Amino acid sequence: MKLCIALDLETKEQNLALLETLKNFDDIWIKVGFRSYIRDGKEFLEQIKAINPKFNIFLDLKLYDIPNTMADAAEEIANLGVQMFNVHASAGKIAMQTVMQRLEKFPNRPLVLAVTALTSFDEENFAEIYNADIKTKAAQFAKNSFEAGLDGVVCSTFESKLIKNATNPNFLTLCPGIRPFGEDSNDQQRVADIKTAKEEAVDFAVVGRPIYKASNPNEIVAKILETL
Ligand code: C5P
C-alpha cells in the first residue's frame with residue numbers, strides 16, 4: 001500500500017511549504033486537485049518535482065465528457081508527465097476505452113483510475129441519478145473500467161475487496177477517508193484507519209487533514225510509512 005497525500009491547503013505557498021518538510025520521503029504520492037491545478041497550473045507540478053523528483057503526482061481532475069474530448073484531455077495530461085490521473089466511470093466504457101487507446105503511444109503512460117461513486121452521495125441521492133444502490137453500481141463501474149483497460153478505481157475502503165473480487169486482485173483501489181490512527185473524521189462519512197485499509201487490500205490510502213493539519217506532518221508521515 002502507498003500513501004497518497006491530499007494537497008488541499010489554501011495557497012500554493014502553503015502546499016509547497018508542506019512538501020518542503022516532507023522532501024526526504026521518496027516513496028509518496030501527492031494528490032493535486034481542481035483547486036490547485038486550476039489556480040497554479042503546470043508550473044505548480046514542476047515546483048513539486050523540483051522539491052523531490054521522486055514524488056509521484058496524482059492529478060485528480062475526474063474527467064467526464066464525450067470520448068474524443070476525454071482522450072484529448074488525457075493526452076495533454078500524459079504530456080504533463082504526471083504518474084496518475086482519473087476519469088469518471090459514469091462517462092462510460094467507450095469513453096474509457098478511447099482514453100486508453102489514445103495513451104498507447106506513451107511508453108510511460110500515467111496510471112488511469114476511474115471514480116466509481118463519489119463518497120458524498122447518500123443512497124437516496126445516488127439512486128436518483130443512477131437508479132441503483134451504491135455498492136452494486138460501484139462494482140459494475142469497476143467492472144466496466146477493468147474491461148476498458150484502466151488500472152484501477154477510486155472507491156471507499158469498504159468497497160475495495162468487493163471491487164477486487166468483481167475484477168482482479170491486481171486492479172488498483174485508491175481510497176480517500178483514511179484516518180491513519182483513528183483521528184477526527186471531519187466531514188467524511190465512512191472513515192477507515194491504516195490497519196483496516198491494509199486488511200481491505202487498499203493500494204493507495206489518501207490522507208489529507210491528518211497530515212497537513214498535524215503540528216508535525218513529518219512525524220506522522222514517518223509513522224504511517226512504518227506501518228505500510
Ligand atoms: O482531509 P481528508 O483526508 O478528508 O482528504 C481527503 C481527500 O480526498 C480530499 O482531497 C477529498 O476531496 C478527496 N476525496 C474524498 N472522497 C472522494 C473523492 C475524493 O474525500 N470520494
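Here, the structure is the one placed above.
From a predicted model like this one, the values you see are computed outputs, not experimental measurements.

Colleague: Outline the sheet that holds strand 7 (residues 172-175), supporting the account with residue identities and numerical values.
Modeller: One key point about sheets: their strands pair by backbone hydrogen bonds, in either a parallel or an antiparallel sense. Read once around its circumference, the closed barrel built from eight strands follows the order 1-2-3-4-5-6-7-8, with strand pairing classed as parallel. For this sheet, the mean inter-axis angle between neighbouring strands, taken without regard to orientation, is 25 degrees. Relative to strand 2 (residues 29-33), strand 1 (residues 2-6) runs parallel, the two sharing three bridges. The partner of Ala-6 across the bridge, within strand 2, is Lys-31. Contacting strand 2 and strand 3 (56-63), helix 2 (residues 34-51) crosses the sheet at an angle of about 145 degrees to strand 2. Together, strand 3 and strand 4 (84-88) form the strand contacts of helix 3 (residues 67-80), whose direction differs from that of strand 3 by roughly 165 degrees.

Colleague: So, the state of the cysteines: which residues are in play, and what are the values?
Modeller: Taken as a whole and assessed by the stated rule, the structure comprises zero disulfides. With no disulfide partner, Cys-4 has as its closest neighbouring cysteine sulfur the one in Cys-175, 11 Å distant. Cysteine Cys-155 is unpaired, with the sulfur of Cys-175 as its nearest cysteine sulfur at 3.9 Å. A relative accessible area of 2% means that Cys-155 is categorised as buried.

Colleague: If you had to explain the pairing of strand 7 to someone new, which residues and values would you point to?
Modeller: Residues of strand 7 alternate between two faces, with Leu-172 and Leu-174 on one and Thr-173 and Cys-175 on the opposite face, all of them buried. By the bridge criterion, three bridges tie strand 6 (residues 152-154) to strand 7 in an arrangement that is parallel. Pairing of Gly-152 across the sheet is with Leu-172, part of strand 7. Bridging between strand 7 and strand 8 (residues 204-207) involves two bridges; their strand directions are parallel. Its bridge partner lying in strand 8, Cys-175 is registered against Ala-205. In this fold, the crossover linking strand 7 to strand 8 by way of helix 8 (residues 194-199) has right-handed handedness.

Colleague: Pulling in residues and values, what's your account of the packing of aromatic side chains?
Modeller: To describe a pair of aromatic rings, you give the distance between the ring centres and the angle between the ring planes. Evaluation of the coordinates by the stated rule reveals six aromatic pairs. Ring geometry for Phe-121 and Phe-126: centres 5.5 Å apart, planes at 80 degrees, overall edge-to-face. The class of Phe-126 is buried, set by a relative accessible area of 0%. Ring centres 4.5 Å apart and planes at 35 degrees place the aromatic pair Phe-126 and Tyr-130 in the tilted group. Linking Phe-126 with Tyr-130, this pair stays in helix 5 (residues 123-130), spanning four residues, or about one helical turn. Among the aromatic residues, those joined into a ring-pair cluster are Phe-121, Phe-126, Tyr-130 and Phe-141. One Lys or Arg, Lys-137, reaches over the ring of Phe-141 and ends 5.4 Å from the middle of that ring. Seen from the ring of Phe-181, Lys-223 lies directly overhead, with NZ or CZ sitting 4.3 Å from the centre.

Colleague: Lay out the pattern of salt bridges in plain terms, naming residues and giving numbers.
Modeller: Side chains carrying opposite charge are able to pair once their charged atoms draw close together. Under the definition given, this model contains 17 salt bridges. Ionic pairing is found between Glu-75 and Lys-105, a salt bridge with its closest N-O pair at 2.9 Å. Of the two residues, Glu-75 sits in helix 3 while Lys-105 sits in the loop between helix 4 (93-102) and strand 5 (111-115), which places them 30 residues apart along the sequence. For the salt bridge of Asp-151 with Arg-109, the shortest nitrogen-to-oxygen distance reads 2.8 Å. Note that Asp-151 is positioned in the loop between helix 6 (134-147) and strand 6 and Arg-109 in the loop between helix 4 and strand 5, a separation of 42 residues in sequence. Overall, the relative accessible area of 15% leaves Asp-151 in the buried class. Note on Arg-109: relative accessible area 29%, which makes it partly exposed. Among the charged side chains, a salt-bridge network with shared partners connects Asp-72, Glu-75, Arg-102 and Lys-105.

What counts and what doesn't
- The written sequence of each chain sets the order in which its residues are numbered from 1.
- In view of the model being predicted, local features appear only for residues whose pLDDT reaches at least 70, and side-chain atom pairs are presented and counted only at 80 or more, with totals across whole chains, interfaces and linings using the full set of residues.
- The basis for the side-chain values is all heavy atoms of the structure; hydrogens and waters are excluded.
- At least two DSSP bridges between two strands are needed for those strands to be called paired.
- Strands are runs of DSSP state E lasting at least two residues, helices are runs of H or I lasting at least four, and both sets are numbered from the N terminus onward.
- Axis lines are fitted to C-alpha atoms, over the contacting stretch for helices. Their N-to-C directions set the angle, which ranges from 0 to 180 degrees.
- A contact between two residues is defined here by any heavy atoms of the two lying within 4.5 Å.
- In this description, the term disulfide denotes a pair of cysteine sulfurs within 2.5 Å.
- Type-normalised accessible area, obtained with a 1.4 Å probe on protein chains alone, sets the label of each residue: buried when under 20%, exposed when over 50%, and partly exposed for intermediate values.
- The definition of a right-handed crossover adopted here requires that, viewed with the strands pointing away, the path from the first strand over the helix to the second runs clockwise.
- Geometry of aromatic contacts follows a simple scheme: Phe, Tyr and Trp rings, the Trp one being its six-membered ring, pair when their centres are within 6.5 Å, and the pair is stacked under 30 degrees between planes, edge-to-face over 60, tilted otherwise.
- Charge-over-ring placement is defined geometrically: NZ (Lys) or CZ (Arg) within 6 Å of the ring centre, and within 35 degrees of the ring normal.
- Criterion for a salt bridge: a side-chain nitrogen of Lys or Arg within 4 Å of a carboxyl oxygen of Asp or Glu.

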